[in-house]
Amino acid sequence: MTETDQIQEPGGARAGATPSRRAVLGWGGAGLALGAAAAGGAVAVATGGDERAAGQAAGGAVEFHGAHQAGIATPVQDRLHFAAFDVRTGDRAEFVRLLKDWTAAARRMTAGKAVGDGAYGGLAEAPPDDTGEALGLPPSRLTLTIGFGPSLFGKFGLAGNRPAALADLPKFPGDNLDASRSGGDLCVQACADDPQVAVHAIRNLARIGFGKVAIRWSQLGFGKTSSTTPGSQTPRNLFGFKDGTRNIAGTETGRLERFVWVGEGDGGPDDAWMAGGSYLVARRIRMNIETWDRTSLQEQEDVFGRDKGEGAPAGKAKEHDEPFLKAMKPDAHVRLAHPDANGGITVLRRGYSFTDGTDGLGRLDAGLFFLAYQRDVREGFIPLQRRLAAHDALNEYIQHVGSAVFAIPPGVRDENDWWGRTLLSEEA
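Residues numbered from 1 in each chain as written. Predicted model: local features only at pLDDT ≥ 70, side-chain atom pairs only at ≥ 80, totals over all residues. Heavy atoms only, no water.

A. Highlighting the environment of N342. Along the chain, the position of N342 falls in the loop between α8 (333–337) and β11 (348–349). Between the alpha carbons of N342 and G380 there is a distance of 9.8 Å; along the sequence they are 38 residues apart. Leaving out residues up to four positions away in the same chain, N342 has contacts with L336, A337, L384 and R387. (Helix = DSSP H or I, 4+ residues; strand = E, 2+ residues; numbered from the N terminus. Contact = heavy atoms within 4.5 Å.)

Set out below in structure tokens:
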């Protein structure tokens, strides 16, 4: 959990039609999905708007094609299904065929269409192409974002194409990582305003990949944990504090280029395939909810360096007032994570809260699924987390229990392009 200057997602949408009952009720009462387009009447989310406008058209479709993958600098949706996969096939051509099939399926699902020939009407003796649980639902701003883990570069003769910026994370003080919730050859991040749409997307990609890939671990998330639009209400994490106050407006393309997107000249010639991509660090952070809930308000505010009600930095009156870091405790989270204390380190955050039942001892298994995009892991997450892991007062109440890092390739340019072409195409 950090409070660095984060990138905001550009994008807007035209309003949809009358909200459906599902859109109003949301997921298990955990929140509201605003707006829904009539089935078959999806609208595109155009770049340049704000997240509130996009939220009001939650039934709309986010454009799949572009220089960068959707799901990074697009408006953050309210629900997440993240999955890491292990590759089972050793046949490069079969793997490339899978990525092309996945791209075709993703292109249809993000547009609100069924996979292939759909969930019914085909041969009765064969499984349908689509699992069917999203029939009749709008696209819900679904985005699908693929990434390649370090272990993938040990397969298919790709060792020479692993970028130096895709660095292995060191073991940080306090880490208690579960191998079954860490790593992976591939990842797919599905974000949507309807959880069933996000789960449907991952389920269908896993089905298409049967025998070639297998899910290693996955995570459901709700309630985005960082603000993405100036003027909108900053969301709160499960500790009750506003999170991600100091975000950068999505229109600040210069800072996106500086901190998030991989440049043409980054790395060596073997890294050129990553131009227009980014690097993702995913961390499952367990929150010790019961301990926190017995902590005094004053200590809670001292730990974060902000007041709990307004979200103002210590010694200030308003949430967005410029922090005076020396007014905070030396081990306050905001003081340690602020760019002014870290040589300007900035990452783009798209984290989500999670609750996964209890741990068998009556304690909530809950916390933050931290997702951070950056131009170079060595210059982003690693130095920032080293500082936080060593000194942050928040460490008494949290523990990192899962971890993974992925290279996120550039976007799918058009109907003839496919996920991973710049890495795996012989022509590329």
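B. View of the packing of aromatic side chains. Under the definition given, this model contains 16 aromatic pairs. Measuring from ring centre to ring centre gives 6.3 Å for F148 and W273, while their planes differ by 35°; the resulting arrangement is tilted. Note that F148 is positioned in strand β6 (residues 143–148) and W273 in the loop between α5 (253–259) and β10 (278–287), a separation of 125 residues in sequence. W273 carries the same exposure label as F148, and that label is buried. With centroids separated by 6.0 Å and ring planes inclined at 40°, the aromatic side chains of F153 and W273 adopt a geometry described as tilted. One end of the pair, F153, is in the loop between β6 and β7 (186–192); the other, W273, is in the loop between α5 and β10, with 120 residues separating them in the sequence. (Phe/Tyr/Trp six-rings, centres within 6.5 Å; stacked < 30°, edge-to-face > 60°. Buried < 20%, exposed > 50% of the residue type's maximum accessible area, 1.4 Å probe, protein only.)

C. Spatial organisation of the pattern of salt bridges. Using the criterion set out here, one finds 19 salt bridges in the structure. Linking R97 and D101 is a salt bridge whose minimum nitrogen-to-oxygen distance equals 3.2 Å. Here D101 and R97 lie together in helix α3 (residues 92–110), a separation of four residues that amounts to about one turn. In this structure R97 comes out as partly exposed when scored by relative accessible area, which is 45%. The class for D101 is partly exposed, based on a relative accessible area of 32%. Among the ionic pairs, R363 bridges to D359, the shortest N-O distance being 2.6 Å. By relative accessible area, which is 27% here, D359 ends up partly exposed. A cluster of three or more residues bridged by salt bridges with shared partners is formed by R284, R286, D356, D359, R363 and D365. (Salt bridge = Lys/Arg side-chain N within 4 Å of Asp/Glu carboxyl O.)

D. Up close: the nonpolar core. Core analysis: the largest hydrophobic core is formed by 72 residues, its most contacted members being F95, W102, L144, F148, L186 and F239. For this core, the element with the highest residue contribution is α3, accounting for eight residues. In contact with W102, not counting residues within four places along its chain, are F85, I146, L186, V188, L205, I208, G209, V213 and W419. Counting 24 residues, the second-largest nonpolar core is a separate cluster that includes L80, W217, L280 and Y352. (Core = buried A, V, L, I, M, F, W, Y, C linked by side-chain atoms within 4.5 Å.)

E. Structural view of the pairing of strand β5 (residues 79–87). Among the nine residues that make up β5, nine are buried, leaving the element largely enclosed by the rest of the structure. Here β5 shows two buried faces, one formed by R79, H81, A83, F85 and V87 and the other by L80, F82, A84 and D86. Relative to β7, β5 runs antiparallel, the two sharing seven bridges. When the bridges of β7 are listed, L80 appears paired with C191. Two elements, β5 and strand β8 (residues 213–224), share nine bridges in a ladder whose sense is antiparallel. The residue bridging H81 from the neighbouring strand is L220, located in β8. (Pairing = 2+ DSSP bridges.)

F. Quick look at the side chain of K242. In this structure, K242 sits in the loop between β8 and β9 (247–248). In this structure the side chain of K242 is engaged in a polar contact, spanning 3.0 Å, whose partner is the backbone oxygen of E310. Polar contacts involving the side chain of K242 include one to the side chain of E319, which spans 3.1 Å. (Polar contact = N/O pair within 3.5 Å; in protein donor to acceptor, adjacent residues only side chain to side chain.)

G. Local environment of helix α4 (residues 195–208). For α4, which comprises 14 residues, the first-to-last C-alpha distance of 20 Å matches the rise-based estimate of 20 Å (1.5 Å per residue) to within 8%. Those residues of α4 not exposed but buried are P195, V197, A198, H200, A201, I202, N204, L205 and I208. Buried residues along α4 sit against β5, α3, β6, β7 and β8. Between the side-chain oxygen of the N-cap and the backbone nitrogen of Q196 there are 2.9 Å, and the N-cap of α4 in question is D194. (Expected span 1.5 Å × (residues − 1).)

H. Representation of the side chain of D193 in the model. With respect to the element layout, D193 can be found in the loop between β7 and α4. Under the relative-accessibility criterion, D193 is labelled buried at 8%. Separated by 3.3 Å, the side chain of D193 and the backbone nitrogen of D78 make a polar contact.

I. Fine view of unusual backbone geometry. For S140, which is not glycine, the phi torsion reads 55° and is therefore positive. Residue position: S140 is located in the loop between α3 and β6. Phi angles above zero are rare outside glycine, and R141 is one such case at about 55°. Tracing the backbone through its elements, the reader meets R141 in the loop between α3 and β6.

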